[in-house]
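Listed below are the residues making up each chain.
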Amino acid sequence: ITVGSEPEGIAYDPSNGYLYVANSGSTATPSVSVIDGANNTVITSIGVGVRPEGVAYDPSNGYVYVTNSYSNNVSVINGANNAVIATILVGWEPMGIAYDPSNGYLYVANWYSGTVSVIDGANNTVIASIGVGVEPVGVAYDPSNGYLYVTNFGSNNVSVINGANNAVIATITVGSEPEGIAYDPSNGYLYVANSG
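This report concerns the structure included in the present document. Fair warning: this is a prediction, and the values are worked out from it, not measured in the lab.

**Observations concerning the nonpolar core**
Side chains that are nonpolar tend, in soluble globular proteins, to be buried together.
Phase 1: By size, the foremost hydrophobic cluster in this structure holds 13 residues, and its most contacted members are Tyr20, Val32, Ile46, Val55, Val64, Val66 and Ile77.
Phase 2: When sequence neighbours within four positions are dropped, the list of residues in contact with Ile46 reads Tyr20, Pro30, Ser31, Val32, Val34, Ile77, Asn82 and Val84.

**Description of the sheet that holds strand S2 (residues 18–23)**
Phase 1: Pairing in this open sheet of four strands is antiparallel, and the strands run S1-S2-S3-S4 from one edge to the other. Here the strands that pair on one side only, and so sit at the sheet edges, are strand S1 (7–13) and strand S4 (41–47). Adjacent strand axes in the sheet meet at a mean angle of 25 degrees when their direction is disregarded.

**A few points about the sheet that holds strand S13 (residues 136–142)**
Phase 1: Read from one edge to the other, the open sheet built from four strands follows the order S13-S14-S15-S16, with strand pairing classed as antiparallel. Edge positions in the sheet fall to S13 and strand S16 (167–173), since each has one partner strand and no second. Across the sheet, the mean angle from the axis of one strand to that of its neighbour is 25 degrees, orientation sign disregarded.
Phase 2: Taken together, the six bridges between S13 and strand S14 (residues 147–152) define a ladder with antiparallel strand orientation. When the sheet's bridge partners are listed, Asp142 is paired in S14 with Tyr147.

**Let's talk about the pairing of S4**
Phase 1: In the sheet, strand S3 (residues 31–36) pairs with S4 via six bridges, with the strands oriented antiparallel. Within the sheet, the bridge partner assigned to Ser33 lies in S4 and is Ser45.
Phase 2: Between S3 and S4, which pair antiparallel and follow one another directly, the connecting turn spans four residues, one of which, Asn40, has a positive phi of 55 degrees.

**Digging into the layout of surface pockets**
Phase 1: Estimated volume of the largest pocket: approximately 440 Å³.
Phase 2: Taken together, 22 residues form the lining of the largest pocket, with Gly96, Ile97, Gly138, Val139 and Ile181 sitting closest to its centre.
Phase 3: Among the secondary structure elements, those contributing two or more residues to the lining of the largest pocket are S1, strand S5 (52–58), strand S9 (94–100), S13 and strand S17 (178–184).
Phase 4: Split by residue class, the lining of the largest pocket holds 14 nonpolar, five polar and three charged.

**Notes on the side chain of Thr115**
Phase 1: Checked against the element boundaries, Thr115 lands in strand S11 (residues 115–120).
Phase 2: Under the relative-accessibility criterion, Thr115 is labelled buried at 15%.
Phase 3: Excluding residues within four positions of it along the chain, Thr115 makes contact with Val108, Ala109, Asn110, Ser129, Ile130, Gly131, Val132 and Pro136.

Thresholds applied
Residues numbered from 1 in each chain as written. Predicted model: local features only at pLDDT ≥ 70, side-chain atom pairs only at ≥ 80, totals over all residues. Heavy atoms only, no water. Core = buried A, V, L, I, M, F, W, Y, C linked by side-chain atoms within 4.5 Å. Buried < 20%, exposed > 50% of the residue type's maximum accessible area, 1.4 Å probe, protein only. Contact = heavy atoms within 4.5 Å. Pairing = 2+ DSSP bridges. Helix = DSSP H or I, 4+ residues; strand = E, 2+ residues; numbered from the N terminus. Axes fitted to C-alpha atoms, helices over the stretch in contact; angles between N-to-C directions. 1 Å grid on protein atoms, 1.4 Å probe; cavity = no way out; pocket = protein on both sides within 12 Å on 5 of 7 lines; lining within 4 Å. Points joined across faces, edges and corners; volume = space filled by probe spheres on them. Nonpolar A, V, L, I, M, F, W, Y, C, P; charged D, E, K, R; others polar.

By themselves, these figures tell us nothing about what the structure is for.
In C-alpha coordinates form, the structure reads like this:
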(Lines give C-alpha, C1' and ligand atoms only; values in the text may rest on other atoms or scores of the structure.)
Protein backbone atom coordinates (compact mmCIF):
# COMPACT_ATOMS: atom_id res chain seq x y z
CA ILE A 1 0.00 0.00 0.00
CA THR A 2 1.53 3.30 -1.06
CA VAL A 3 1.26 6.03 1.59
CA GLY A 4 3.15 9.26 2.29
CA SER A 5 6.87 9.85 2.71
CA GLU A 6 8.77 7.93 5.42
CA PRO A 7 5.86 6.24 7.21
CA GLU A 8 6.58 5.50 10.88
CA GLY A 9 3.81 5.01 13.42
CA ILE A 10 0.63 3.08 12.72
CA ALA A 11 -2.49 2.28 14.77
CA TYR A 12 -5.74 0.43 14.19
CA ASP A 13 -9.19 1.85 14.94
CA PRO A 14 -11.59 -1.07 15.56
CA SER A 15 -14.63 1.23 15.49
CA ASN A 16 -14.26 1.88 11.75
CA GLY A 17 -11.77 -0.77 10.62
CA TYR A 18 -9.25 1.84 9.49
CA LEU A 19 -5.50 2.05 10.03
CA TYR A 20 -3.80 5.39 10.57
CA VAL A 21 -0.26 5.84 9.29
CA ALA A 22 1.98 8.78 10.29
CA ASN A 23 4.02 9.94 7.29
CA SER A 24 7.03 11.45 9.06
CA GLY A 25 8.86 12.59 5.92
CA SER A 26 6.02 14.68 4.55
CA THR A 27 7.24 17.92 6.14
CA ALA A 28 5.87 20.25 3.43
CA THR A 29 2.38 18.80 3.77
CA PRO A 30 2.43 16.69 6.97
CA SER A 31 -0.16 13.97 6.83
CA VAL A 32 -1.67 10.79 8.17
CA SER A 33 -2.79 8.22 5.59
CA VAL A 34 -6.02 6.38 6.38
CA ILE A 35 -6.18 2.78 5.12
CA ASP A 36 -9.45 0.87 4.88
CA GLY A 37 -8.60 -2.59 6.21
CA ALA A 38 -11.49 -4.13 4.26
CA ASN A 39 -9.77 -3.59 0.92
CA ASN A 40 -6.29 -2.29 1.84
CA THR A 41 -6.68 1.01 0.05
CA VAL A 42 -5.92 4.56 1.20
CA ILE A 43 -9.24 6.37 1.51
CA THR A 44 -8.05 9.77 2.68
CA SER A 45 -5.12 11.84 3.92
CA ILE A 46 -5.40 13.99 7.05
CA GLY A 47 -3.28 17.09 7.60
CA VAL A 48 -1.52 17.15 10.97
CA GLY A 49 1.54 18.81 12.55
CA VAL A 50 5.10 18.71 11.25
CA ARG A 51 6.86 15.33 11.18
CA PRO A 52 4.19 13.01 12.63
CA GLU A 53 5.74 9.98 14.32
CA GLY A 54 3.67 8.01 16.83
CA VAL A 55 0.03 6.94 16.63
CA ALA A 56 -2.30 5.54 19.32
CA TYR A 57 -6.00 4.75 19.49
CA ASP A 58 -8.13 5.61 22.52
CA PRO A 59 -11.13 3.23 22.70
CA SER A 60 -12.82 5.28 25.42
CA ASN A 61 -13.51 8.18 23.06
CA GLY A 62 -12.82 6.71 19.60
CA TYR A 63 -10.05 9.21 18.89
CA VAL A 64 -6.67 8.67 17.25
CA TYR A 65 -3.70 10.55 18.72
CA VAL A 66 -0.72 11.50 16.53
CA THR A 67 2.55 12.89 17.90
CA ASN A 68 4.03 15.68 15.75
CA SER A 69 7.72 15.74 16.64
CA TYR A 70 8.65 19.04 14.97
CA SER A 71 5.50 20.85 16.14
CA ASN A 72 5.82 19.74 19.78
CA ASN A 73 2.18 18.75 19.86
CA VAL A 74 -0.33 15.94 19.42
CA SER A 75 -3.13 15.98 16.83
CA VAL A 76 -6.43 14.43 17.91
CA ILE A 77 -8.37 12.78 15.07
CA ASN A 78 -12.03 11.82 15.33
CA GLY A 79 -12.33 8.46 13.61
CA ALA A 80 -16.02 9.09 12.88
CA ASN A 81 -15.21 11.76 10.27
CA ASN A 82 -11.39 11.64 10.05
CA ALA A 83 -11.06 15.27 11.07
CA VAL A 84 -8.58 16.82 13.50
CA ILE A 85 -10.66 18.06 16.43
CA ALA A 86 -7.90 19.23 18.79
CA THR A 87 -4.19 19.96 19.07
CA ILE A 88 -2.47 19.36 22.40
CA LEU A 89 0.85 21.02 23.27
CA VAL A 90 3.30 18.56 24.87
CA GLY A 91 7.10 18.47 25.39
CA TRP A 92 9.87 18.92 22.86
CA GLU A 93 9.89 16.47 19.96
CA PRO A 94 7.21 13.96 20.95
CA MET A 95 7.77 10.48 19.54
CA GLY A 96 6.14 7.34 20.94
CA ILE A 97 2.67 7.27 22.45
CA ALA A 98 0.64 4.62 24.28
CA TYR A 99 -2.85 4.39 25.82
CA ASP A 100 -3.45 3.18 29.37
CA PRO A 101 -6.96 1.70 29.66
CA SER A 102 -6.78 1.55 33.46
CA ASN A 103 -6.89 5.35 33.80
CA GLY A 104 -7.84 6.57 30.32
CA TYR A 105 -4.57 8.46 29.89
CA LEU A 106 -2.17 8.65 26.95
CA TYR A 107 1.55 8.74 27.57
CA VAL A 108 3.78 10.67 25.16
CA ALA A 109 7.58 10.28 25.09
CA ASN A 110 9.22 13.68 24.47
CA TRP A 111 12.67 13.07 22.95
CA TYR A 112 14.40 16.40 23.64
CA SER A 113 12.61 17.18 26.89
CA GLY A 114 13.49 13.90 28.57
CA THR A 115 9.91 13.74 29.80
CA VAL A 116 6.65 11.88 29.32
CA SER A 117 3.52 14.02 28.92
CA VAL A 118 0.32 12.53 30.33
CA ILE A 119 -2.85 13.38 28.40
CA ASP A 120 -6.30 12.86 29.88
CA GLY A 121 -8.39 11.52 26.99
CA ALA A 122 -11.60 12.71 28.69
CA ASN A 123 -10.76 16.37 28.05
CA ASN A 124 -7.61 16.22 25.88
CA THR A 125 -5.44 18.16 28.29
CA VAL A 126 -1.96 17.46 29.68
CA ILE A 127 -2.33 16.65 33.37
CA ALA A 128 1.28 15.72 34.21
CA SER A 129 4.87 15.72 32.99
CA ILE A 130 7.08 12.88 34.17
CA GLY A 131 10.88 13.07 34.10
CA VAL A 132 12.47 9.94 32.61
CA GLY A 133 15.85 9.17 30.98
CA VAL A 134 17.71 10.82 28.12
CA GLU A 135 15.92 10.90 24.74
CA PRO A 136 12.80 8.83 25.49
CA VAL A 137 11.29 7.38 22.34
CA GLY A 138 9.11 4.27 22.74
CA VAL A 139 6.20 3.60 25.11
CA ALA A 140 4.33 0.39 25.92
CA TYR A 141 1.59 -0.48 28.43
CA ASP A 142 1.65 -3.65 30.51
CA PRO A 143 -1.93 -4.60 31.55
CA SER A 144 -0.70 -7.25 34.00
CA ASN A 145 0.71 -4.63 36.37
CA GLY A 146 -0.64 -1.31 35.05
CA TYR A 147 2.82 0.04 34.31
CA LEU A 148 4.10 2.04 31.35
CA TYR A 149 7.55 1.20 29.99
CA VAL A 150 9.53 3.96 28.25
CA THR A 151 12.69 3.31 26.24
CA ASN A 152 15.38 5.95 26.81
CA PHE A 153 17.55 6.02 23.67
CA GLY A 154 20.30 8.17 25.18
CA SER A 155 20.41 6.42 28.57
CA ASN A 156 20.40 2.79 27.37
CA ASN A 157 17.62 1.99 29.80
CA VAL A 158 13.86 1.73 30.31
CA SER A 159 11.86 3.84 32.77
CA VAL A 160 8.92 2.12 34.50
CA ILE A 161 5.97 4.40 35.28
CA ASN A 162 3.17 3.43 37.65
CA GLY A 163 -0.04 4.64 36.00
CA ALA A 164 -1.77 4.83 39.39
CA ASN A 165 0.31 7.83 40.49
CA ASN A 166 2.32 8.71 37.36
CA ALA A 167 5.63 8.19 39.13
CA VAL A 168 8.79 6.42 37.91
CA ILE A 169 9.21 3.37 40.13
CA ALA A 170 12.15 1.63 38.43
CA THR A 171 14.85 1.95 35.78
CA ILE A 172 15.95 -1.11 33.81
CA THR A 173 19.29 -1.26 31.97
CA VAL A 174 18.98 -2.71 28.47
CA GLY A 175 21.09 -2.65 25.30
CA SER A 176 22.51 0.29 23.37
CA GLU A 177 20.09 2.94 22.07
CA PRO A 178 16.75 1.24 22.82
CA GLU A 179 13.83 2.36 20.63
CA GLY A 180 10.84 0.09 20.03
CA ILE A 181 9.11 -1.81 22.83
CA ALA A 182 6.17 -4.23 22.92
CA TYR A 183 4.30 -6.29 25.53
CA ASP A 184 3.62 -10.03 25.09
CA PRO A 185 0.45 -11.07 26.98
CA SER A 186 1.24 -14.79 26.61
CA ASN A 187 4.23 -14.60 28.96
CA GLY A 188 4.08 -11.14 30.53
CA TYR A 189 7.40 -10.08 29.00
CA LEU A 190 8.35 -6.82 27.30
CA TYR A 191 10.66 -6.89 24.30
CA VAL A 192 12.99 -3.95 23.61
CA ALA A 193 14.74 -3.30 20.28
CA ASN A 194 18.25 -1.92 20.88
CA SER A 195 19.07 -0.03 17.69
CA GLY A 196 22.68 0.73 18.68
